[in-house]
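Residue-level structure breakdown
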Protein chains: 4
Amino acid sequence: MSHPIVNYTSESSWAMVEDKFSPYAKETLAKLIKFLEEEILPAQKIAHAQIPTDPVLRWKTIIPVIAELKEKAKKVGLWNLFLSKAHYPKHGVPLTNLEYGVMAEVLAHAGHMGPEVMNCSAPDTGNMEVLARYGNDEQQKRWLEPLLNGEIRSAFAMTEKGVASSDAKNIRTSIRLEGDEIVINGHKWWISGAGDPRCKVHLVMGKSDPANKSAYEQQSVVLVPADTPGVKIVRPMQVFGYDDAPEGHCEIIYENVRVPKGNLVLGWGRGFEIIQGRLGPGRIHHCMRSVGAAQSALNLLLQRVTDPGRKTFGKFLYEHGTVVSDIAKSRAEIESARLLVYSAALQIDKVKAKGALKEIGIAKFVVPSMALTVIDRAIQSFGAEGVSQDQELAMRWANLRTLRIADGPDAVHIQQVGQRELKRVPLLVQKTKERKEREQVLFRKYNIKAHL
Amino acid sequence: MSHPIVNYTSESSWAMVEDKFSPYAKETLAKLIKFLEEEILPAQKIAHAQIPTDPVLRWKTIIPVIAELKEKAKKVGLWNLFLSKAHYPKHGVPLTNLEYGVMAEVLAHAGHMGPEVMNCSAPDTGNMEVLARYGNDEQQKRWLEPLLNGEIRSAFAMTEKGVASSDAKNIRTSIRLEGDEIVINGHKWWISGAGDPRCKVHLVMGKSDPANKSAYEQQSVVLVPADTPGVKIVRPMQVFGYDDAPEGHCEIIYENVRVPKGNLVLGWGRGFEIIQGRLGPGRIHHCMRSVGAAQSALNLLLQRVTDPGRKTFGKFLYEHGTVVSDIAKSRAEIESARLLVYSAALQIDKVKAKGALKEIGIAKFVVPSMALTVIDRAIQSFGAEGVSQDQELAMRWANLRTLRIADGPDAVHIQQVGQRELKRVPLLVQKTKERKEREQVLFRKYNIKAHL
Amino acid sequence: MSHPIVNYTSESSWAMVEDKFSPYAKETLAKLIKFLEEEILPAQKIAHAQIPTDPVLRWKTIIPVIAELKEKAKKVGLWNLFLSKAHYPKHGVPLTNLEYGVMAEVLAHAGHMGPEVMNCSAPDTGNMEVLARYGNDEQQKRWLEPLLNGEIRSAFAMTEKGVASSDAKNIRTSIRLEGDEIVINGHKWWISGAGDPRCKVHLVMGKSDPANKSAYEQQSVVLVPADTPGVKIVRPMQVFGYDDAPEGHCEIIYENVRVPKGNLVLGWGRGFEIIQGRLGPGRIHHCMRSVGAAQSALNLLLQRVTDPGRKTFGKFLYEHGTVVSDIAKSRAEIESARLLVYSAALQIDKVKAKGALKEIGIAKFVVPSMALTVIDRAIQSFGAEGVSQDQELAMRWANLRTLRIADGPDAVHIQQVGQRELKRVPLLVQKTKERKEREQVLFRKYNIKAHL
Amino acid sequence: MSHPIVNYTSESSWAMVEDKFSPYAKETLAKLIKFLEEEILPAQKIAHAQIPTDPVLRWKTIIPVIAELKEKAKKVGLWNLFLSKAHYPKHGVPLTNLEYGVMAEVLAHAGHMGPEVMNCSAPDTGNMEVLARYGNDEQQKRWLEPLLNGEIRSAFAMTEKGVASSDAKNIRTSIRLEGDEIVINGHKWWISGAGDPRCKVHLVMGKSDPANKSAYEQQSVVLVPADTPGVKIVRPMQVFGYDDAPEGHCEIIYENVRVPKGNLVLGWGRGFEIIQGRLGPGRIHHCMRSVGAAQSALNLLLQRVTDPGRKTFGKFLYEHGTVVSDIAKSRAEIESARLLVYSAALQIDKVKAKGALKEIGIAKFVVPSMALTVIDRAIQSFGAEGVSQDQELAMRWANLRTLRIADGPDAVHIQQVGQRELKRVPLLVQKTKERKEREQVLFRKYNIKAHL
């Protein structure tokens, strides 16, 4: 009997990776699918309904049904699956990036809620990775443990208002020492999760040593408790009209915020190092979730176009125009995107994120665009309902649209992949030279006058 | 000296139509541009700020700055420009569809606000056309005059919940006679403008004669005052998170709504005729506004990518990657879309909407997609700011996305254009036959044995 | 009764330009269509059959049926229509670029043969323009007159082997004075028309003053009789498998070729000026022919997909898959491309080629790609027959593919259009500044605190 | 040390399949790469030069250098690698489809020549599969053995002139019994390989039982020696001007061709069964070769855009416009296409071609189009040289273009994949139903009134 994952991916893509899965991973994956179907998916509408529409209250709410599901998930061991023991021996679970990647795709069928229920939500995931890798004992005890337990949440404050943030060196927030205290002044925005009442700590990136000769040693990362005086949440930013309450994406001013020296992470001037380490696997998880979002949208489209109540002019929707062709293309695009992400995840497992930058970059610029296309087709099949609050499609589209911007816009990844590809040229030139030498020998042997 | 329109279109596209503009139209266009720049554009942010965030109040507000501007616009004669005297001799202004089309494009630089200020907003425009063409004297006096004066607003209630609405024959709302009254029962949604406190009348389309042999004579349109008992506004629908208050797109239940017999428009069973007549020019105006939206987005992009404050890695944004290429493509796409819409508008002026269905259909499926692409590029150039409430781009994108669905989804127009094109086949076959006959003569003359 | 052109373009695009056509142009256009249908199209297969398959003879043949048709065309006044009197008062015909552009589109339905029969083939057209504009009396008498009479043909030798030719300054062919003679040494290729037995003169571009400070004054153009000693035709180049005999695209070595000083065109060091002037209208004519090629391919596709002999699984081809959608898109793409080229041609008529560089550039990178797409769809509808010698589609595709390279590759035009568009920024910035000032006034008036 | 395949594919795609390769396959792959680089690639130009230009002789030539290389390849065991022992236990080699697929990709770097040298050319491969699977002992002895030895070549005669061949039931060639003889009459074209002087046998598909109730039992396949009286080769068909001599794609008339009854393959009326079995793996090998062709084109592009001799305006080609972006996209497209084909090949290995129809269909419509796009970019980077006989790009493009037509046009595969995807609907509907039931329980538990 085949693994239930084939209902979420396909027999052929599962065949590509099945032999790379441990027995534990296969079992966990099956458990996760069962939990998703029986617990999470049926609770999605409840969760939406439990967010107040009141513009103030919606930012003060812990959604009850999600809180309950978190307890259940923790109990059955579907918890912190993102943290790979291979990279985080002390806190991690025995799953590879590839194994967790497949799970992340499945979880995406429940939107944001899937990862959250299993304590696998961004930006907490990246922050836990930072604290697990770079945090000292005290920092881990105070912040990492409650994060790993799902008791608190966190934010990563990097993006700045009015700054071209795809070049991280442009950061202007000031971080300076004053006696035993670190003083922070800056204006950030798009700080995800900072609106959540459970958000207790911000990891703030700023310029601590602007005069340093190395542009990559001018930054530091500091832990700032969310209730520190001077931390002012200005407003939630909207994404195509959505505020994503209660988590939100906040504009924040840090005005003379003071924290003890011990809140510095890793070391003075090592902020760049931290963000570099933070990005690889997370990007792949975003990509896998994008694949899952696309697959989920295609599933909705399939049901819509075969719905007898949606016939027009006596025919099913799928019997009109280019619908079948759109389905086939969507299927092919999802399948190939999934395989791309699998291979990037496998590469991370083999040679760490640093060695997999080309594969990560490819996935990063290919997959969200693919998912946007597929979801857009699904929206079109639903007509006006597709752009509305009655289907999850529009919200998902908006959320995915930000992925083409966040963690480096498409253009940056495209350029980097292209530049890396250019590095193959010397080998190609060498091979061409060797071939031409052999060619000359043959020209002489066969007495042929080459034209070129 | 060239006309100011060339700053909004281009010298070459203006050259294509300049000689088709009357002196009055040219003058009005210049006046409109001045009014747009001096009055409307500077008031956009004010208008947004004057919409309350309170979820109840935002539906009870008449935006003050817009109300003031409407008075000013009426005074200077920039009023009801959409209503072409050629088609509406009694109420119309002496402008052709082509002439107004160019104005509609310019007005779109101010988003929804441009047309509203000049009393040229959908759905009022289409409703005024219906009343001007089909309304009797009493109906015109009661509803058309205050609409033409901008004193009230209106809604057109056609789309139904749970119904495949791209086939208008599917409509289920019941309209029946009971003595001297018409009784209406139905469940509609996406009724634009019905949320507005000034909306005083709904034109409701329903099934009045379900047993009629002709599927096109089963429908009627009835005028329903918005405050008639039984008219229940259920909720505003959202478009990608936007509720578009105060106008909104409402879900409405009509429950035993009773109006006098005299509220029937045109005649019993003539609803289809009414909606057919309603659609042509309006679609072109939507298309022209889409072109304007795209042009406006490109203007924003151009300023962003040359902003010295946005340099990364020492270079302007436009010096990176594919930005210049994206600009060139956007320019070309806008230009060709504009010319397509010009030619469709001209065709309507020449042979009425009925004779211009192919041109209208082409514009309808080409132009909104083009505009979405250009705006998406502009969004990308702004990074996260582009998807937020701080730029008009995301809201415009969402609004335009609905145009690929409203008034017939893309697929329907594509099929119809394709089918119309197939009608050219008999002429082509005839010409081919004639050519082959002449060919045979030549084959004999030159003594050549044809292979085919 | 409508003009016969609407069978080749469309009513709506004709409506856009009809009032810009002189009575003479309208009449000539009708005559040209009649001649095309009755004389040229039926002779196409004969012409192909009259090219010998023998690899030597095919380069020594003057195709009899074309020679006959040229005489007929000249007799009825369908001759040299490309040469606009407005720009060439002495030799030209009273047609604008727009008027001739429409004719060029129609002629393209007969492929290469259409223009050739009316003495409107490249590269002769460009060469006649050069001689008419820059040639002295003697040059005009010796070369221009027989060219205008269709007695000889010509070549323009610019592209060089092994040189990045999209940067014309890279040219290496040496042109130097030795006493009263000019001596030419160089290695060219892709010299179109040089294979033709009637080709009597080459206009050779070379470097005459490599030390000149201005990179744009280092080149000269010299007239070289085709039979001058030292002119060696190396081989015909192929375009995807086609050699385009008898005209061909030749690789040529100029080895110590000596011509009298009087063969210099315009002046020493003025070669750049000559090629600049040569390019504008010719590019638009290429574009119009591309539109015609696309229209002609769509006509073939329409007949194929409605052919009862081509039914599969009981249905016409057009009833399968995405065929109707492909037709609709093709129609829309052709229509918008045509309007783009019309507007570029009109712009040339208004402000000369120099003032229309943006419009020419847009047409140049948009239209051939559009035509390739449409023809590719037609090929697909014909199956294997579509790629073969039994349909003109594959040959047309190959020919059009070169247009994305010749006269500047797409990338160059895209960059130039983008850069020109960036020149609009200062005006936009100024307008934005003015708007913001008015905005501030309103903010104060309405007592609103702007967020931005 | 990494396997040399990573220079032809990538580390990450190799990682996906390395553990699925047997030691024998890995070793064979390494040997094949060495042979390709040292023997085949340097001989490509020789092989081209050894095809006579004479229109008659070019069809009578056995290319000497290829004949020599075939002997070498056979000697070192690089022979018949396409024939998988798992499917053909008697004649096959111990390689899976996945393993051979990777080799097919590499071989494609030498175009047609790679497979030919190793006796892995279509249509011989498919014909050998047919004979190995369905041929009786005598047929295998007479035809299969010399084919396996590379002594003769063969053709598969299915496509018919004037027939919509994507519906195989349309076939009209008549096959009937007359005593002990089978008599064949029909008009075929596009019979690949039939021009080759070594082609000794045609497998002819025709209608043997037109009255049979089952449309799938009306056809038979018969072995026809190429020199049988009545076999008339009419002419070679061209593909974008290429005749692909000496193999060619021939138009053939079978006129009263008589062969003994024993030449029937498998059984009377079993022709459909034969062609069904013939198509699966072959399609995947075509796809892998397409990936290889794309990779090879990208390698050429990379060398061209970094060639210092190709600088324009002082910059390398790759520093202009969208070149780096095109490279990145090409890389991503190749990578994802490769993974798609891997997964289809693996699926064939797991559940035979019949179980892998969706995966095969996806690869079939995705991969050739991808390769055409990448090769087109490479052509553009080479300018006019790219479309000429001096680079292999144009010929490759033309060859690949036919893959979108052969073995079922794109549209057929797209429809079939879409239809197969629709079969997932019942499971999706069931899952949705289950979810909604659980949802209702939760709605009651939390006392929420569902809107939908």
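Residues numbered from 1 in each chain as written. Chains lettered and ligands numbered in written order. Predicted model: local features only at pLDDT ≥ 70, side-chain atom pairs only at ≥ 80, totals over all residues.

**Considerations on the interface of chain C and chain B**
Taken together, the 62 residues of chain C in the interface contact 62 residues of chain B. Looking at the side of chain C that touches chain B, the elements that each hand over two or more residues are α1 (11-17), α3 (44-49), α9 (271-305), α10 (323-355), α11 (357-382), α13 (410-422) and α14 (425-445) of chain C. For the side of chain C that touches chain B, the element with the highest residue contribution is α10 of chain C, accounting for 17 residues. For the side of chain C that touches chain B, the per-class residue count stands at 34 nonpolar, 14 polar and 14 charged. (Contact = placed C-beta atoms within 7 Å. Helix = DSSP H or I, 4+ residues; strand = E, 2+ residues; numbered from the N terminus. Nonpolar A, V, L, I, M, F, W, Y, C, P; charged D, E, K, R; others polar.)

**Notes on helix α7 (residues 124-134) of chain B**
Burial of α7 of chain B is extensive: eight of the 11 residues sit out of reach of the surface. If you check which residues of α7 of chain B are buried, you get Asp124, Thr125, Gly126, Asn127, Met128, Glu129, Val130 and Leu131 of chain B. (Buried ≥ 20, exposed ≤ 12 C-beta atoms within 10 Å, placed from the backbone.)

**Notes on the packing of helix α5 (residues 97-107) of chain D against helix α10 (residues 323-355) of chain D**
Residue and element names in this part refer to chain D. It is at 8 Å that the axes of α5 and α10 come closest, and there the two elements cross at 145°. Of α10, the residues touching α5 (which contributes Asn97, Leu98 and Gly101) are Val341, Tyr342, Ala345, Leu346, Ile348 and Asp349. Per-class residue counts for the contact of α5 with α10 are six nonpolar, two polar and one charged. (Axes fitted to C-alpha atoms, helices over the stretch in contact; angles between N-to-C directions.)

**Some points on the relation of the copies chain D and chain A**
For the match of chain D to chain A, the screw axis carries a shift of 0.0 Å, the RMSD comes to 0.0 Å, and the turn is 180°. Both copies are brought into coincidence by an operation consistent with a two-fold rotation axis. Among all residues of chain D, the one whose C-alpha sits closest to the rotation axis is serine 336 of chain D, at a distance of 2.6 Å. (Least-squares fit on C-alpha atoms with pLDDT ≥ 70 in both.)

**Focus on the interface of chain D and chain A**
With 62 residues of chain D at the interface, the matching set in chain A holds 61 residues. Taken together, the elements giving at least two residues each to the side of chain D that touches chain A come down to α1 (11-17), α3 (44-49), α9 (271-305), α10, α11 (357-382), α14 (410-422) and α15 (425-445) of chain D. Here the side of chain D that touches chain A takes 17 residues from α10 of chain D, the largest share from any one element. Partitioned by chemical class, the residues of the side of chain D that touches chain A number 34 nonpolar, 14 polar and 14 charged.

**Some thoughts on the environment of glutamine 276 of chain C**
Relative to the helices and strands, glutamine 276 of chain C resides in helix α9. For the pair formed by glutamine 276 of chain C and alanine 353 of chain C, sequence separation is 77 residues and the distance between their alpha carbons is 9.5 Å.

**Considering the relation of the copies chain C and chain B**
In this arrangement, two copies of a chain are superimposed by a rotation about an axis accompanied by a shift along the axis. The two copies are related by a screw motion: chain C maps onto chain B through a turn of 180° and a shift of 0.0 Å along the axis, at an RMSD of 0.0 Å. A high fraction, 100%, of the interface residues of chain C reappear at the interface in chain B, so the copies pair face to face through one surface.

**A word on helix α11 (residues 357-382) of chain A**
Residue and element names in this part refer to chain A. The first and last C-alpha atoms of α11 sit 38 Å apart over 26 residues, in line with the 38 Å expected at 1.5 Å per residue. In terms of burial, α11 is a largely internal element, 23 of the 26 residues being buried. Looking at the residues trailing α11, positive phi occurs at glycine 383, about 60°. (Expected span 1.5 Å × (residues − 1).)

**Some thoughts on the UniProt feature "domain: Acyl-CoA dehydrogenase/oxidase N-terminal" (unreviewed entry) in chain A**
Those residues carrying the UniProt feature "domain: Acyl-CoA dehydrogenase/oxidase N-terminal" (unreviewed entry) are residues 61-151 of chain A in this numbering. Here residues 61-151 of chain A runs as 56% helix and 0% strand, with 15 Å between its end C-alpha atoms. (UniProt positions renumbered as here; feature names shortened; annotations may be inferred.)

**Things to note about the domain arrangement of chain A**
We note that the domain assignment places domain 1 (4-148), domain 2 (153-265), domain 3 (295-410) and domain 4 (411-452) within chain A. Here the C-alpha centre of domain 4 of chain A lies 49 Å away from the C-alpha centre of domain 2 of chain A. (Domains from an automatic or database assignment.)

**Focus: the pairing of strand β1 (residues 153-157) of chain D**
Residues and elements named next belong to chain D. Of all five residues in β1, five are buried, a share of seventy percent or more. Burial along β1 is two-sided: Arg153, Ala155 and Ala157 facing one way and Ser154 and Phe156 facing the other are all buried. Direction of pairing for β1 relative to strand β4 (residues 199-207): parallel, over a ladder of five bridges. Pairing of serine 154 across the sheet is with valine 201, part of β4. (Pairing = 2+ DSSP bridges.)

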